[in-house]
2 protein chains.
Amino acid sequence: MQTISENRCFGGIQGVYRHDSAACSCPMTFGVYLPPQARTGSVPVLWYLSGLTCTHENAMVKAGAQAWAARAGMALVFPDTSPRGPDVPDDEAYDLGQGAGFYVNATQSPWSTHFRMWDYVAEELPRIVTANFPIDEERQAITGHSMGGHGALTLAMGQPERFRSVSAFAPIAHPARSDWGRKQLSAYLGERESAWALHDATLQMQARGFDGEVLIDQGTEDQFLDLLMPQALAEAMAARRQPGAFRLQQGYDHSYFFVASFMRDHVEFHARALDLI
Amino acid sequence: MQTISENRCFGGIQGVYRHDSAACSCPMTFGVYLPPQARTGSVPVLWYLSGLTCTHENAMVKAGAQAWAARAGMALVFPDTSPRGPDVPDDEAYDLGQGAGFYVNATQSPWSTHFRMWDYVAEELPRIVTANFPIDEERQAITGHSMGGHGALTLAMGQPERFRSVSAFAPIAHPARSDWGRKQLSAYLGERESAWALHDATLQMQARGFDGEVLIDQGTEDQFLDLLMPQALAEAMAARRQPGAFRLQQGYDHSYFFVASFMRDHVEFHARALDLI
């Protein structure tokens, strides 16, 4: 693992690191924020998964999460959103290929060699970060924005022992029924829709739910409401009696100004689940 | 004045606007954050001046200031750092020309037509924002980072009636004696060094000081310490018995991770001076 940069930030360290990923068969870059409390012992961790077109960097510089993580004593991990590089397949569209991994293990050509973001976030990167940083793997939580909210919800329900809490900002809530989803799930997983079910938060909420609290924030002025389909997930949460909250935030859009505005609530939500407050 | 974008942010509005600047003889873009309190009356304002290579956007998305401004009930204004455009002179170096206006009125060719950032920030943009937004021009404060810290300090001392408080993050503290300064002041103002004095925070602190409190934060691991010359300004502040604080922050560098880490302190410092808390 190679250190790209480390900057003091709210009394802790915001680092960027690179490693050769076995899951993705290419070098992968990620960010880790260690709060001041990590100097004297291991700390719980909140995973943050980003959305379409993002790298590890967007949330790291724009979401303001470190302020609240430092106060709570929580590490943050910011994975990239896909494999990258000249040898990695890509597509001209912003929403397929590099920057758009959708947190699945692709089974279809040309994607299946590198696009294994489920394994990367579920298995490989957790091993890397717990081996290299003072992180308590017994206390993990996960969140994300848009495609990353989709990833957070599907990973949390797909790895039921791993996370104590899950939240999402404007998640892609029902990709099996949306143009943000059908295109990518077809390309990565093939046309057989039964293979998509593990990668649809609404279908997972209907089938199994989450053993813990769930927090969803969605802006009422989000320019992508038709693609996100929040109503499907809200209905599924209520039908399952899923503990948690689905909040509609008046006037907010899909931007990081929305994410930053409610980041404190999300970090403190996870801090309670992780026994920090 | 043209609206480029408006996003809900911490209950207020983060906007970006463009107007034809008479001072700079070109279109200029700026950001304004209005806190929730601006819906029911005029609010005080904190000006944020950015550093070399920045636009209006950097601090707006990376400094996290809106969280604290919303709480305090304070507007934020984010000007650009220079005139811009294909008709505006530039230099290949990152630290001269576009993105590097140094907050002076250039008197030398080819800069003098457009590079009038002192007049722009001191006179023109204040008229624009007070005419278009619910801002109380009797309650103004100013801050900035690096070249913007230089601008904040020199404007605050050069317009003694305008600002109640001034602060700076890692300011270029003594440009008349630094390679971050001598090059630009020579190019914009000519070789006669007496013309530079109004644009050197240390010289202004020696000559007149500021009628109010001053807050300076400087990281001890700043990669540009030799160019910033914080010791010159610290000495001048102490010699003048200038009310305020000059703080060395252990382990912090020159990045926005440093700025964000202490933004709350700066916003609350100005909020006290502006009678908000």
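Just so you know, these numbers come straight off a predicted model, no measurement behind them.

A.B. asks: I tried to follow the relation of the copies chain A and chain B on my own but got confused; where do I start?
C.D. replies: Relating the two copies of this chain is a rotation about some axis coupled with a shift parallel to it. With an RMSD of 0.0 Å, the operation that places chain A on chain B is a rotation of 180° combined with a shift of 0.0 Å along the axis. Expressed as a symmetry operation, the mapping of one chain copy onto the other fits a two-fold axis. No C-alpha of chain A approaches the rotation axis more nearly than that of K62(A), which lies at 2.6 Å. Looking at the interface residues of chain A, 100% of them are also at the interface in chain B, so both copies use one shared face.

A.B. asks: What is the right way to look at the sheet that holds strand β1 (residues 2–9) of chain A in this model?
C.D. replies: Strands in a sheet are paired, the pairing made by backbone hydrogen bonds, and the direction either parallel or antiparallel. Residues and elements named next belong to chain A. Sheet architecture is open: nine strands sit in the order β1-β2-β3-β5-β4-β6-β7-β8-β9, paired in mixed fashion. Both edges of this open sheet fall to β1 and β9 (244–249), since each of them pairs with a single strand only. The average undirected angle you get between the axes of adjacent strands in this sheet is 20°. The pairing of strand β4 (residues 43–49) with strand β6 (residues 135–144) spans six bridges and is parallel. Bridge pairing in β6 links W47 to I142.

A.B. asks: Whenever I open this one, the nonpolar core confuses me. Can you help?
C.D. replies: Residues Y188(A) and Y188(B) are the most contacted members of the largest nonpolar core, which totals 186 residues. Sequence-distant contacts of Y188(A), defined by excluding residues within four places in its chain, comprise L96(A), G97(A), A100(A), G101(A), F102(A), V104(A), A106(A), T107(A), Q108(A), W111(A) and F115(A).

A.B. asks: Would you take a moment to explain the interface of chain A and chain B for this structure?
C.D. replies: Note: interface size is frequently given as the accessible area lost on complex formation between the parts. The partner chain B presents 23 residues to the 23 residues of chain A that form the contact. Of all residues in chain A, the largest losses of buried area upon contact with chain B belong to R8(A), F10(A) and F257(A), amounting jointly to 36% of the total for that side. Along the contact surface separating chain A from chain B lie zero salt bridges. Only β1, α1 (57–62), α2 (65–72) and α9 (256–273) of chain A provide two or more residues apiece to the side of chain A that touches chain B. The leading source of residues in the side of chain A that touches chain B is α9(A), at five residues. Broken down by class, the residue content of the side of chain A that touches chain B amounts to nine nonpolar, eight polar and six charged.

A.B. asks: I'm lost on the sheet that holds strand β3 (residues 26–34) of chain B in this one. Help?
C.D. replies: Residue and element names in this part refer to chain B. The nine strands are arranged β1-β2-β3-β5-β4-β6-β7-β8-β9 in an open sheet whose pairing can be described as mixed. Taken across any chain shown, the strands that pair with only one partner, and hence form the sheet edges, are β1 (2–9) and β9 (244–249). The mean angle between the axes of side-by-side strands here comes to 20°, regardless of whether they run parallel or antiparallel. Bridge count between strand β2 (residues 12–21) and β3: nine bridges; the pairing is antiparallel. Among the inter-strand pairings, Y17 is bridged to a residue of β3, identified as F30. Packed onto the sheet, helix α9 (residues 256–273) meets β4 (43–49), β6 (135–144), β7 (163–169), β8 (213–219) and β9 and runs at close to 165° relative to β7.

A.B. asks: Explain the pattern of salt bridges here, please?
C.D. replies: Once the charged atoms of two side chains with opposite charge are near each other, the side chains can pair. Residues and elements named next belong to chain B. For the coordinates displayed, the defined rule picks out 20 salt bridges over all chains. One salt bridge in this structure joins D275 and R164, with 2.9 Å as the shortest N-O distance. Remark: R164 occurs in strand β7 and D275 occurs in the segment after α9; sequence separation between them is 111 residues. Classification of D275 as exposed rests on a relative accessible area of 55%.

A.B. asks: Looking at this model, I keep getting lost on the environment of M117(B). Mind explaining?
C.D. replies: Residue and element names in this part refer to chain B. Inspection of the secondary structure assignment puts M117 in helix α3 (residues 117–132). For M117, a relative accessible area of 0% puts it in the buried group. In sequence terms M117 and I277 are 160 residues apart; their C-alpha atoms lie 32 Å from each other. If near-sequence neighbours (up to four positions away) are discounted, M117 is found in contact with C24, M28, D80, T81, S82, P83, G101, Y103, V104 and N105.

A.B. asks: I keep staring at the packing of aromatic side chains and nothing clicks. Help me out?
C.D. replies: For any pair of aromatic rings, geometry is given as the distance between the ring centres together with the angle between the planes. Going through the model one piece at a time under the given rule, you end up with 23 aromatic pairs over all chains. Measuring from centroid to centroid gives 5.5 Å for W68(A) and W68(B), while their planes differ by 45°, and the two rings are tilted. In this pair, W68(A) sits in helix α2 while W68(B) sits in helix α2 (residues 65–72), so the two residues belong to two different chains. Grouping residues by exposure puts W68(A) and W68(B) together as buried. When the centroid spacing of 6.1 Å and the interplanar angle of 50° are considered together, the rings of Y252(A) and F258(A) count as tilted. Neither Y252(A) nor F258(A) differs from the other in exposure class; each is buried. In textbook terms, an aromatic cluster arises when at least three aromatic residues are bridged by ring pairs, as seen for F169(A), Y252(A), F258(A) and F262(A). In this structure, R8(A) packs its charged tip against the face of Y252(B), placed 5.9 Å from the ring centre.

Rules used in this analysis
- Residues numbered from 1 in each chain as written.
- Chains lettered and ligands numbered in written order.
- Predicted model: local features only at pLDDT ≥ 70, side-chain atom pairs only at ≥ 80, totals over all residues.
- Heavy atoms only, no water.
- Least-squares fit on C-alpha atoms with pLDDT ≥ 70 in both.
- Contact = heavy atoms within 4.5 Å.
- Pairing = 2+ DSSP bridges.
- Helix = DSSP H or I, 4+ residues; strand = E, 2+ residues; numbered from the N terminus.
- Axes fitted to C-alpha atoms, helices over the stretch in contact; angles between N-to-C directions.
- Core = buried A, V, L, I, M, F, W, Y, C linked by side-chain atoms within 4.5 Å.
- Buried < 20%, exposed > 50% of the residue type's maximum accessible area, 1.4 Å probe, protein only.
- Buried area = accessible area lost by both parts, 1.4 Å probe.
- Salt bridge = Lys/Arg side-chain N within 4 Å of Asp/Glu carboxyl O.
- Nonpolar A, V, L, I, M, F, W, Y, C, P; charged D, E, K, R; others polar.
- Phe/Tyr/Trp six-rings, centres within 6.5 Å; stacked < 30°, edge-to-face > 60°.
- Lys NZ or Arg CZ within 6 Å of the ring centre and 35° of its normal.

Don't take any of this as a statement about function, it's just geometry.
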